[in-house]
Amino acid sequence: VQLQASGGGLVQAGGSLRLSCAASGRTFSSSVMGWFRQAPGKEREFVAGVTGSGGYTYYQDSVKGRFTISRDNAKNTVYLQMQSLKPEDTAVYYCAASRDYTSIDQYKFDFWGQGTQVTVSS
């Protein structure tokens, strides 16, 4: 599976960005998809996940109420809408596909796209 993330950039605190991840080479509509991020000097962390149908989502506590993960299976694309951005959201964001088709488990994401940089200035 190939994953291509886009949409990162520089934004002021309080601003918004929408990340996109286009997928190919796998049954996208069945795949659990997720977004991770890695800030400089920190470990990669799981930000959000969504089941194949889009009917169930998961969010890390620090982004709940600010970030929304969604998907368009007709376009083989998953999105991460980020609002009320904070400087601590600055990181490289990665989209990923899970080998699990049913549950959102951060340890089962085996397929990774290249990252997209998100920088939030204060």
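Presented here is a report on the structure given in the accompanying data block. Because the structure is predicted, anything quoted here is derived from the model rather than measured.

Summed over all chains, the structure comprises 5 aromatic pairs. Ring geometry for Phe36 against Phe46: centres 4.8 Å apart, planes inclined by 40°, an arrangement best described as tilted. Within this pair, whereas Phe36 is found in strand β4 (residues 33–38), its partner Phe46 is found in strand β5 (residues 45–50), the two being separated by 10 residues in sequence. Phe46 shares its class with Phe36; the two are buried. Here Phe46 and Phe109 contribute two aromatic rings whose centre-to-centre distance is 5.5 Å and whose plane-to-plane angle is 45°, an arrangement assigned as tilted. Taken together, the residues Phe46 in strand β5 and Phe109 in strand β10 (residues 109–112) connect sequence positions 63 residues apart. Taken as a pair, Phe46 and Phe109 share a single burial class, namely buried. Its guanidinium or amino end placed over the ring of Phe36, Arg44 lies 5.7 Å from that ring's centre, counting from NZ or CZ. The ring of Phe28 has Arg71 sitting right over it, with the charged end atom 4.4 Å from the ring centre.

Turning next to the pattern of salt bridges. Oppositely charged side chains can pair when the atoms bearing their charge come close. According to the stated counting rule, one finds 6 salt bridges in the structure shown. Across the salt bridge formed by Asp61 and Lys64, the nearest N and O atoms sit 3.0 Å from each other. Its relative accessible area of 62% is what places Asp61 among the exposed residues. One salt-bridge network, held together by shared partners, links Arg37, Glu45, Arg66 and Asp89.

Counting residues in each nonpolar core, the largest one holds 28 residues, and the members touching the most others are Trp35, Phe67, Ile69, Val78, Leu80, Met82 and Tyr93. Those residues in contact with Val78 that lie beyond four places of it in its chain are Leu19, Ser20, Cys21, Phe28, Met33, Trp35, Val50, Ile69, Ser70 and Arg71. In this structure, Val32, Phe36, Phe46 and Ala96 belong to the second largest nonpolar core, which totals 5 residues.

What follows covers the environment of Val120. By secondary structure assignment, the location of Val120 is in strand β11 (residues 116–121). Contacts of Val120, omitting those with residues within four sequence positions, involve Val11, Gln12, Ala13, Leu85, Lys86, Pro87, Asp89 and Thr90.

This paragraph deals with the state of the cysteines. What the rule picks out here adds up to 1 disulfide. A sulfur-sulfur separation of 2.0 Å characterises the disulfide bridge that pairs Cys21 with Cys95. Judged by the torsion about the S-S bond (50°), the Cys21/Cys95 disulfide is right-handed. With a gap of 74 residues between them, Cys21 in strand β3 (residues 17–24) and Cys95 in strand β9 (residues 91–98) connect regions that are remote in the sequence. The exposure class of Cys95 is buried, given its relative accessible area of 0%.

Looking now at the pairing of β11. Sheet faces and side chains relate simply in a regular strand, where the side chains alternate between the two faces. Only one face of β11 is covered, namely the one carrying Thr116, Val118 and Val120; the face carrying Gln117, Thr119 and Ser121 has none of its residues buried. With 4 bridges joining them, strand β2 (residues 9–12) and β11 adopt parallel strand pairing. Along β11, the bridge assignment pairs Leu10 with Thr119.

Definitions and cut-offs
Residues numbered from 1 in each chain as written. Predicted model: local features only at pLDDT ≥ 70, side-chain atom pairs only at ≥ 80, totals over all residues. Heavy atoms only, no water. Phe/Tyr/Trp six-rings, centres within 6.5 Å; stacked < 30°, edge-to-face > 60°. Helix = DSSP H or I, 4+ residues; strand = E, 2+ residues; numbered from the N terminus. Buried < 20%, exposed > 50% of the residue type's maximum accessible area, 1.4 Å probe, protein only. Lys NZ or Arg CZ within 6 Å of the ring centre and 35° of its normal. Salt bridge = Lys/Arg side-chain N within 4 Å of Asp/Glu carboxyl O. Core = buried A, V, L, I, M, F, W, Y, C linked by side-chain atoms within 4.5 Å. Contact = heavy atoms within 4.5 Å. Disulfide = S-S within 2.5 Å. Pairing = 2+ DSSP bridges.

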